[in-house]
Amino acid sequence: MQPPARLGVLCLALCCLGGARELWSGDHEWRKLIMVHHWPTTVCDEAANNCEHPPGYWTIHGLWPDKSGECNRSWPFNPDEIKDLLPDMRLYWPDVLHSSPNHSIHFWRHEWEKHGTCAAQLDALNSQRKYFGKTLDLYKELALNSTLQKLGIQPSVSYYQISAIKDGLVGVYGVVPKVQCLPPRPGEKVQTLGQIELCLTKDLQLQNCLEPGEPAPQRREAGPGGAPILGLEICEDGPVLYPPPKETGH
């Protein structure tokens, strides 16, 4: 005897719900979100990529839950869901290593499948449109580029002290960020500023990235399009280069 159609639909819905709960349990639990900005000049230098016309401003690397990845492999990226966001995505969240629009699509797919499917545990981020849209909103609200400029911290061939950058950001945002650098290579004198992370609670309120006494994680994250980014680590106290954008030929 065949079950009534409505019962069959109910069973399917319960199975799907159970599957979703399973996907978001255990290792996929997370505590905070990390809003990651990176400096294109350093990204290109780190990847040994000349990069055609990289932006001369901080761009989005991603919005990452702190302890999870690839939470739902059955939820593929669909660029049609973010069509209205594409002008801002290309401006503020580009694949800085590759100028082709197709490569940016690959980059966004990587960010959604690795991080977005985990962030989607929050109602505010539970669709591709919400995840990418809210990340863009946070980028604009945090306004890292203008914040650094107002602090008098601009790209320069002269060095800054890491403490001056951190203290300035704490003074503006009221929380401790995580500042990452590319360590000096042979022949280089100082580390190079590469990435700034600002952390948020599940209510999307700013919080310290590192609490007193908490060890600093040395997180290795893929770069745009999944390219390996091997050198970034927590900046050491002392001088740092905030490199100006390189001149590109016409």
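Predicted, not measured: the structure shown is a model, and the values here were computed from it.

A. Broad picture of the overall build of the protein chain. If you tally the helices and strands in the protein chain, you get seven helices and eight strands. When the 250 residues of the protein chain are sorted by exposure, 45% land in the buried category. Looking at the protein chain alone, contacts between residues at least 24 apart form 76% of all its contacts between residues at least 6 apart. Per element, the accessible surface of the protein chain, about 12,900 Å² overall, is 54% carbon and sulfur.

B. Broad picture of the nonpolar core. Grouped together as the largest cluster of nonpolar side chains are 48 residues, with contacts concentrated most on Leu-33, Trp-108 and Phe-132. With sequence-adjacent residues up to four places away left out, Leu-33 is seen in contact with Leu-63, Trp-64, Pro-65, Ala-119, Leu-122, Leu-125, Leu-198, Cys-199, Leu-200, Thr-201 and Leu-204.

C. Looking closely at the state of the cysteines. With the rule as written, the count across this model stands at four disulfides. One disulfide in the model links Cys-181 with Cys-235; its S-S distance is 2.0 Å. Residues Cys-181 and Cys-235 are joined by a disulfide whose S-S torsion is about 95°; by sign, that bridge is right-handed. Highlighted residues: Cys-181 in strand β4 (residues 178–182) and Cys-235 in the loop between β7 (233–234) and β8 (239–241), separated in sequence by 54 residues. By relative accessible area, which is 5% here, Cys-235 ends up buried.

D. Here's a closer look at the packing of aromatic side chains. All told, the structure shown has 12 aromatic pairs when counted by the stated rule. With a centroid separation of 6.5 Å and an interplanar angle of 40°, the aromatic rings of Trp-112 and Phe-132 are classed as tilted. Of this pair, Trp-112 sits in helix α4 (residues 101–119) while Phe-132 is found in helix α5 (residues 128–142), placing the two residues 20 residues apart along the sequence. Of the two residues, Trp-112 and Phe-132, both sit in the buried class.

E. Summary view of α4. Considering bend angle alone, the principal kink of α4 is centred on Trp-112 and spans about 40°. Turning to α4, its buried residues are Ser-104, Ile-105, Phe-107, Trp-108, His-110, Glu-111, Trp-112, His-115, Gly-116, Thr-117, Cys-118 and Ala-119.

F. Fine view of the side chain of Thr-59. Here Thr-59 is to be found in strand β2 (residues 59–65). By relative accessible area, which is 0% here, Thr-59 ends up buried. Those residues in contact with Thr-59, other than ones at most four positions away along the chain, are Val-36, His-37, His-38, Pro-40, Leu-91, Tyr-92, Pro-94, Val-96 and Tyr-139.

G. The arrangement of the UniProt feature "active site" (unreviewed entry) in the protein chain in detail. Sites flagged by UniProt as "active site" (unreviewed entry) map to His-61, Glu-111 and His-115. These annotated residues cover 55 residues of sequence, and their C-alpha atoms all fall within 11.2 Å of one another, placing them together at a single site. As for its position among the elements, Glu-111 is in helix α4. Side chain to side chain, Glu-111 and Trp-64 meet in a polar contact 2.9 Å long. Along the chain, the position of His-115 falls in helix α4. Since its relative accessible area comes to 0%, His-115 is described here as buried. A polar atom in the side chain of His-115 sits 3.3 Å from the side chain of Trp-64.

H. Local environment of the pattern of salt bridges. Evaluated as defined, the whole model comprises seven salt bridges. Salt-bridge contacts for Arg-73 lead to Glu-70; the nearest nitrogen and oxygen are separated by 2.9 Å. Two residues, Arg-129 and Asp-84, come together in a salt bridge whose shortest N-O distance is 2.8 Å. In this pair, Arg-129 sits in helix α5 while Asp-84 sits in the loop between β2 and α3 (86–92), placing the two residues 45 residues apart along the sequence.

Cut-offs applied
Residues numbered from 1 in each chain as written. Predicted model: local features only at pLDDT ≥ 70, side-chain atom pairs only at ≥ 80, totals over all residues. Heavy atoms only, no water. Helix = DSSP H or I, 4+ residues; strand = E, 2+ residues; numbered from the N terminus. Buried < 20%, exposed > 50% of the residue type's maximum accessible area, 1.4 Å probe, protein only. Contact = heavy atoms within 4.5 Å. Areas by Shrake-Rupley, 256 points an atom, 1.4 Å probe, with all protein chains shown as cover. Core = buried A, V, L, I, M, F, W, Y, C linked by side-chain atoms within 4.5 Å. Disulfide = S-S within 2.5 Å. Phe/Tyr/Trp six-rings, centres within 6.5 Å; stacked < 30°, edge-to-face > 60°. Bend = angle between axes of the 7 residues up to and from the residue. UniProt positions renumbered as here; feature names shortened; annotations may be inferred. Polar contact = N/O pair within 3.5 Å; in protein donor to acceptor, adjacent residues only side chain to side chain. Salt bridge = Lys/Arg side-chain N within 4 Å of Asp/Glu carboxyl O.

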